[in-house]
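# Descriptive analysis of the structure
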Amino acid sequence: MATTLYEQIADDLRRRILSGDLAVGDDVPSEGELAEQWRTSRGPIRNALAALRSEGLVETRRGRPARVVARKAHHPVDVSIPFTKWVRDVGGEPGARTQEISLRRADDDKAQALGIRPGDLVVDVVRLRLVDGRPTMLERLTFIEEVGRVLFDVDLDTVSITEYLDSRGFGYDDIDHEIDAVAADELDAELLDVEPGTPILRLHRVTRGRDGRTFEASDDRYRSDIVRFTVAASGRARQGDHFIRAIGT
């Protein structure tokens, strides 16, 4: 429950935005109009608009009313949060559509990423992730055989793979993240509902278990109009190691 005036104002504007009463592209009532409506000074109005701006619901411009924008979900990459939990934490409904799960021989790149020999068996998963029914991220996951085989025992459209593997004794202990941007290829474009060549965000992950062994390597591709990545300002990971590194170091 809102306890201050600016929170009440923010709650009211948020409700109007989420209900569609104020649509993407619409101007929010001016500070003067809101101050008159709420019978207050402009201080609480500005605090309310700042709160909505931090949530990605509006943008503010000097000399003009705030404007409703398409919301981007902020995804922290300095900690590991399963996609399902992250979506629920930001108030969305997670979904999944598995495109492929297969047992095959590792090529050189996958073998190197997983620390195994080329030709060893691995399990590949391609899965589209959705937020409120909207295609948001395409996962390309590769697991060592021992871990990946348990995924054949469950409907991958209904579970968080991270949480499911943890329940089967394959919890993560350490994860490396690497972020870049790529042009959407044909599969990205088809499943993420974007034009081929559209810039999208790519997150590489390498996951190690409690025994120190690498068991997963992934290539996750996010729609950049829906998701933005964030990191802690300290630039240090939970274990104290720097997670921001120069290329080649």
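Here we summarise the structure given alongside this text. (Residues numbered from 1 in each chain as written. Predicted model: local features only at pLDDT ≥ 70, side-chain atom pairs only at ≥ 80, totals over all residues. Heavy atoms only, no water.)

Quick look at the nonpolar core now. Ranked by internal contacts, the top residues of the largest apolar core, which has 20 residues, are V125, F143, V147, L151, I161 and L165. Elements with a minimum of two residues in this core: α5 (108–114), β5 (121–131), β6 (134–144), α7 (161–167) and β9 (214–223). Excluding residues that lie within four positions of it along the chain, V147 makes contacts with L165, F170 and F215. (Core = buried A, V, L, I, M, F, W, Y, C linked by side-chain atoms within 4.5 Å. Buried < 20%, exposed > 50% of the residue type's maximum accessible area, 1.4 Å probe, protein only. Helix = DSSP H or I, 4+ residues; strand = E, 2+ residues; numbered from the N terminus. Contact = heavy atoms within 4.5 Å.)

Counted according to the given criterion, the structure contains 28 salt bridges. D180 is the partner of R202 in a salt bridge, and the nearest nitrogen-oxygen pair spans 2.7 Å. A residue pair is termed long-range when its members are at least 10 positions apart, and R202 in strand β8 (residues 199–209) and D180 in strand β7 (residues 172–183) qualify at 22 residues. Assessed through its relative accessible area of 17%, R202 is described here as buried. (Salt bridge = Lys/Arg side-chain N within 4 Å of Asp/Glu carboxyl O.)

A separate point is the environment of L13. Following the sequence through the fold, L13 ends up in helix α1 (residues 5–19). C-alpha separation for the pair L13 and V28, spaced 15 residues apart in sequence, amounts to 8.2 Å. Not counting the four nearest positions on each side in its chain, L13 is found in contact with L22, V28, L34, L49 and L52.

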